[in-house]
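Reading the structure
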Amino acid sequence: MLLRTLALVFALAPVTALAVPSQVNVAGTMKWVSDAPVEKIIGTADGKGSLTIDFDDLTRISGTLTVAVDTMKSGNGKRDGHLRSAEWLDAAKHPNITFTIKAVKVTQPTTGDAVKMAVLEATGDFTLHGVTKPLTAPVTLKWKGPKVKITTAFNISLDDYAIEGKKGIVGNKVGKQIAVTVRLKGKAN
Amino acid sequence: MRAAAVICFVLALVAMGVWVAHGQHLATLTEKLVEREVKDEFGEEIVEEWVDTFEVGLDITGPVAGGLVALGFGLLLVNRRRSRRGAPTDTSSG
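Fair warning: this is a prediction, and the values are worked out from it, not measured in the lab.

Here we come to the environment of Glu164 of chain A. All names here are of chain A. Position of Glu164 relative to the elements: it lies in the loop between strand S7 (147-157) and strand S8 (177-188). The exposed category is assigned to Glu164, whose relative accessible area is 62%. Spatially, the C-alpha atom of Glu164 lies 22 Å from that of Thr66, the residues being 98 residues apart in sequence. For Glu164, the residues in contact, after removing those within four places along its chain, are Trp88 and Val170.

Given below as structure tokens:
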């Protein structure tokens, strides 16, 4: 009986090991584009996050991605200062932009051998300028061994997050919608 | 004096020409985001990086051109007043 139990434990061990979700610390860049009638502004910010990923069941992914407002840049120092000021993103009061994943749907199951890839739809709470709203974004997840790469793109409306700026600027010099692309890489522990 | 006014107007036009040639930005860019394709362990991907640049914007060329136009008109006005007073005027521009 003991031998049988031991045999069962050893037989199930690899399965159990695979089923344990991995802790993945990711870091990378968030690119943002404001396409307004008067000017197109392209900028970046540094992003990082801590995710728990079960590579056997991607619907169990959880975690938070964070972008520090202080790291946002657009190629013009004065404009970056305005961007972080109380009139716009108010970095002093709201230093981070966060996305906390609440639910994940697999829209394209895992493919590939050496490099595995899956396309997901992540729904969560997106917090910007101190305002939290639900957000659903398509996510491409690639992994090779312990190395992980996450790509996502979505649009946000400045109106939704109470970002007004100077009167008459939004819609003319700054787009009402901001296109966001996030590319993060990390390693599973 | 009229010649100096004409030079001011021409320089204002040059300033605006430089602005157009630099991409017509509102704000002067000191860094530019450049995309390049790289290959990593996951395949090909696009990587963005900031490179130093100087693309003059309307924040600099606007006041410069405006100032030159104002100076040009000022010089024309002074020239006109002088001619009304009977003082010798500068007609070197032809």
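Next up on the list: the packing of aromatic side chains. All names here are of chain A. Summed over the entire model, instances satisfying the criterion amount to five aromatic pairs over all chains. Ring centres of Phe99 and Phe126 lie 6.4 Å apart, and the angle between their planes is 50°; this geometry places the pair in the tilted category. Pair noted here: Phe99 is in strand S4 (residues 96-111) and Phe126 is in strand S5 (residues 116-128), with a separation of 27 residues, a long-range link. Assigned by exposure class, Phe99 and Phe126 land together as buried. Consider the rings of Phe126 and Phe154, whose centres lie 5.6 Å apart with planes at 75°: the pair is edge-to-face. One end of the pair, Phe126, is in strand S5; the other, Phe154, is in strand S7, with 28 residues separating them in the sequence. Here Phe126 matches Phe154 in class, with each residue buried.

Residue and element names in this part refer to chain A. As paired strands, strand S1 (residues 22-35) and strand S2 (residues 40-53) are joined by 14 bridges and run antiparallel to one another. Paired with Gln23 across the two strands is Thr52, which belongs to S2. From the end of S1 to the start of S2, which pair antiparallel, there are four residues. Relative to strand S3 (residues 62-68), S2 runs antiparallel, the two sharing six bridges. Its bridge partner being in S3, Gly47 is matched across the sheet by Val67.

Let's shift gears to the interface of chain A and chain B. Listed per partner, the contact involves 21 residues of chain A and 17 residues of chain B. Across the chain A/chain B interface, buried area totals approximately 1700 Å², and carbon plus sulfur atoms make up 51% of it. Taking the shortest distance from any N to any O, the salt bridge between Lys185 of chain A and Asp40 of chain B comes out at 2.6 Å. Our count for the contact surface shared by chain A and chain B stands at 13 residue pairs in polar contact (both at pLDDT 80 or more). Among the secondary structure elements, those contributing two or more residues to the side of chain A that touches chain B are S2, strand S6 (131-144), S7 and S8 of chain A. In the side of chain A that touches chain B, the residues fall into five nonpolar, five polar and 11 charged.

All names here are of chain A. By size, the foremost hydrophobic cluster in this structure holds 47 residues, and its most contacted members are Ile53, Met72, Phe126 and Leu141. Sorting the residues of this core by element identifies S1, S2, S3, S4, S5, S6, S7 and S8 as the ones contributing at least two each. If we skip the residues at most four places from it in the chain, Phe126 touches Ile97, Thr98, Phe99, Val131, Thr132, Lys133, Leu135, Phe154, Ile156 and Tyr161.

What counts as what
- Residues numbered from 1 in each chain as written.
- Chains lettered and ligands numbered in written order.
- Predicted model: local features only at pLDDT ≥ 70, side-chain atom pairs only at ≥ 80, totals over all residues.
- Heavy atoms only, no water.
- Helix = DSSP H or I, 4+ residues; strand = E, 2+ residues; numbered from the N terminus.
- Buried < 20%, exposed > 50% of the residue type's maximum accessible area, 1.4 Å probe, protein only.
- Contact = heavy atoms within 4.5 Å.
- Phe/Tyr/Trp six-rings, centres within 6.5 Å; stacked < 30°, edge-to-face > 60°.
- Pairing = 2+ DSSP bridges.
- Buried area = accessible area lost by both parts, 1.4 Å probe.
- Salt bridge = Lys/Arg side-chain N within 4 Å of Asp/Glu carboxyl O.
- Polar contact = N/O pair within 3.5 Å; in protein donor to acceptor, adjacent residues only side chain to side chain.
- Nonpolar A, V, L, I, M, F, W, Y, C, P; charged D, E, K, R; others polar.
- Core = buried A, V, L, I, M, F, W, Y, C linked by side-chain atoms within 4.5 Å.

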